[in-house]
Amino acid sequence: MTTLDTTDHDDWLAGIHERLQHTCDEQTAYLSDLTAAAPDASEAAAHGALLAGTRQSLADTVAALRRIEQGRYGACEVCAAAIPLARLELLPHARTCVACPR
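Per chain, residue numbering runs from 1 following the sequence as it is written. Since the coordinates come from a predicted model, pLDDT governs what is reported: local features require at least 70, and pairs of side-chain atoms require 80 or more to be given and counted, while whole-chain, interface and lining totals use all residues. Computation of side-chain values: all heavy atoms of the structure, hydrogens and water removed.

Visitor: I'd like a description of the side chain of Thr61, backed by residues and values.
Guide: Secondary structure elements follow DSSP: runs of H or I no shorter than four residues count as helices, runs of E no shorter than two count as strands, and numbering proceeds from the N terminus. Topologically, Thr61 is positioned in helix α2 (residues 44-70). Partly exposed residues are those whose accessible area sits between 20% and 50% of the maximum for their type, while under 20% is buried and over 50% is exposed, using a 1.4 Å probe and protein chains only. Judged by its relative accessible area of 3%, Thr61 is buried. Polar contact criterion, stated in full: a pair of N or O atoms within 3.5 Å, where within protein one must be able to donate a hydrogen and the other to accept it, and residues adjacent in sequence count only if both atoms are side-chain atoms. Within the local environment of Thr61, its side chain forms a polar contact with the side chain of Gln27, the two groups lying 3.4 Å apart. Here, residues are in contact when the closest pair of their heavy atoms is within 4.5 Å. Ignoring any residue separated from it by four or fewer positions in sequence, one finds Thr61 in contact with Leu20, Thr23, Cys24, Gln27 and His93.

Visitor: Quick one: what's the story with the packing of aromatic side chains, residue by residue and with numbers?
Guide: Here a pair means two rings of Phe, Tyr or Trp (six-membered ring of Trp) with centres within 6.5 Å. Their orientation is stacked below 30 degrees between planes, edge-to-face above 60, and tilted elsewhere. A complete count under the given rule lists one aromatic pair for this structure. For the ring pair Trp12 and Tyr73, a centre distance of 6.3 Å and an interplane angle of 45° mean the geometry is tilted. With Trp12 in helix α1 (residues 6-36) and Tyr73 in the loop between α2 and α3 (85-90), this residue pair connects regions lying 61 residues apart in the sequence. Like Tyr73, Trp12 is buried.

As structure tokens, then:
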């Protein structure tokens, strides 16, 4: 795992927090739009899947923001090992390291 000194880590974490907050805002707006839309019967299943996926993505993002606030961000929820920075860059809402099941 790549490590950062304290200052770089704080800056990196602030950037991740900003990305997650932006994602949260976007997903909230999208969820609001989806909820307001009234699909016809032929689109109901696809619309329901979009709603479910957006709700899950929003929940994952909010959980990541909560972990940052609690000082637990970046630790695997299964084995407590540090999640590699590259994984967190790619999936900022990641809860587990690569070795642990999701």
